[in-house]
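Residue strings, one per chain:
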Amino acid sequence: DESGDLYGGTTATINKTCYVFRFANSANLVTAIKPLDSKIKGQTGIKNALDLGPEGYMYGGTSNYRDVLYPPVSQGPDRSYEGGRLFRFKTGGAIEIEDLGLVLASEGIRTLVVDRLRGKLYGLTEPSYRFFVYDLKTKTVVVNQKVDLLKKEDNAIQNLQLVKLGRTLAVGSNGKVYGS
């Protein structure tokens with residue numbers, strides 16, 4: 001965050017919970033830790049999915065045990081899994097998690113990035129690799145088509161462009177989203 005503190009998320013085993021934590025660089029120690037199941041039940045991983053948004057909020061996304069420990073290759077979605085959820089918390093003080101809702105049934109959230117300039121959060125689900133856009137102001141999500149892993153595609157939503165699938169997304173000053 002702006003103070004130099006680092007935030008992270010953990011992965012748990014089945015039937016356990018993941019945690020969000022703050023590491024204070026100035027003190028060289030963890031100064032806050034919060035179990036995700038204090039507000040969001042049934043999620044076991046925060047995977048490549050924390051990013052600082054406007055007004056000091058850290059945004060995150062969740063995934064499940066199978067998506068975290070057994071990355072999908074040709075498997076379909078786990079129909080018993082509710083799906084990945086978006087959440088946020090205010091940086092700086094005690095970590096109080098706010099559930100922002102489900103993105104797509106049976107799909108975890110692989111990665112996300114916040115576009116502070118446009119007030120959007122962009123992400124990819126897994127195992128089906130669907131691109132989504134979450135509007136920070138209206139708190140609504142639009143799930144787009146499956147991302148093609150082999151070629152560059154123009155995305156109809158907000159004239160975004162995804163290039164290759166990866167674990168990291170970045171937003172250019174032109175509003176295009178890139179993956180690596």
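Residues numbered from 1 in each chain as written. Predicted model: local features only at pLDDT ≥ 70, side-chain atom pairs only at ≥ 80, totals over all residues. Heavy atoms only, no water.

Peer 1: Just checking my understanding: could you explain the sheet that holds strand β5 (residues 57-61) for this structure?
Peer 2: Remark on secondary structure: sheet strands pair via backbone hydrogen bonds, oriented parallel or antiparallel. Read from one edge to the other, the open sheet built from four strands follows the order β4-β5-β6-β7, with strand pairing classed as antiparallel. The strands lining the two open edges of the sheet, one partner per strand, are β4 (50-52) and β7 (98-102). Strand-to-strand twist across the sheet, computed as the mean angle between neighbouring axes with direction ignored, equals 20°. (Pairing = 2+ DSSP bridges. Helix = DSSP H or I, 4+ residues; strand = E, 2+ residues; numbered from the N terminus. Axes fitted to C-alpha atoms, helices over the stretch in contact; angles between N-to-C directions.)

Peer 1: It is not clear to me how the pairing of strand β9 (residues 120-126) should be interpreted in this structure. Could you clarify?
Peer 2: A regular strand places its side chains on the two faces of the sheet in alternate fashion. Of all seven residues in β9, seven are buried; the element is thus mostly enclosed. Burial of the side chains of β9 extends over both faces: Lys120, Tyr122, Leu124 and Glu126 are buried on one face and Leu121, Gly123 and Thr125 on the other. As paired strands, β9 and strand β10 (residues 130-135) are joined by five bridges and run antiparallel to one another. Directly across from Gly123, in β10, lies its bridge partner Phe132. Counting the residues in the hairpin turn of β9 and β10 gives three residues, including Tyr129, whose phi is positive at 55°. (Buried < 20%, exposed > 50% of the residue type's maximum accessible area, 1.4 Å probe, protein only.)

Peer 1: Got a minute to help me understand the environment of Asp1 in this structure?
Peer 2: In this fold, Asp1 is placed in the segment before β1 (6-9). Here Asp1 falls in the partly exposed class, since its relative accessible area comes to 22%. Considered as a pair, Asp1 and Gly56 are 55 residues apart in the sequence and their alpha carbons are 7.4 Å apart. Apart from the residues lying within four places of it in its own chain, the contact partners of Asp1 are Tyr7, Leu52, Thr91 and Gly92. (Contact = heavy atoms within 4.5 Å.)

Peer 1: Quick question: what am I supposed to make of the sheet that holds strand β2 (residues 19-24) here?
Peer 2: Strand order in this open sheet of three strands is β1-β2-β3, and the pairing throughout is antiparallel. Only two strands of the sheet have a single partner each, and these edge strands are β1 and β3 (29-35). Taken over all neighbouring pairs, the strand axes of this sheet differ in orientation by 20° on average, direction set aside. Where β2 and β3 come together, six bridges link them in antiparallel fashion. In the sheet register, Val20 faces β3, and the bridge partner there is Lys34.

Peer 1: Explain the packing of aromatic side chains here, please?
Peer 2: Aromatic rings in a pair are described by how distant their centres are and how their planes are angled relative to each other. Here the structure, examined in full by the defined rule, presents four aromatic pairs. Aromatic side chains Tyr122 and Phe131 sit 6.1 Å apart centroid to centroid with 10° between the ring planes, which places their arrangement in the stacked category. Summarising the burial analysis for this pair, Tyr122 and Phe131 share the class buried. Put simply, the rings of Tyr7, Phe87 and Phe89 touch in pairs and so form one group of aromatic residues. One residue, Arg88, lies across the ring of Tyr57, its end atom 3.8 Å from the ring centre. (Phe/Tyr/Trp six-rings, centres within 6.5 Å; stacked < 30°, edge-to-face > 60°. Lys NZ or Arg CZ within 6 Å of the ring centre and 35° of its normal.)

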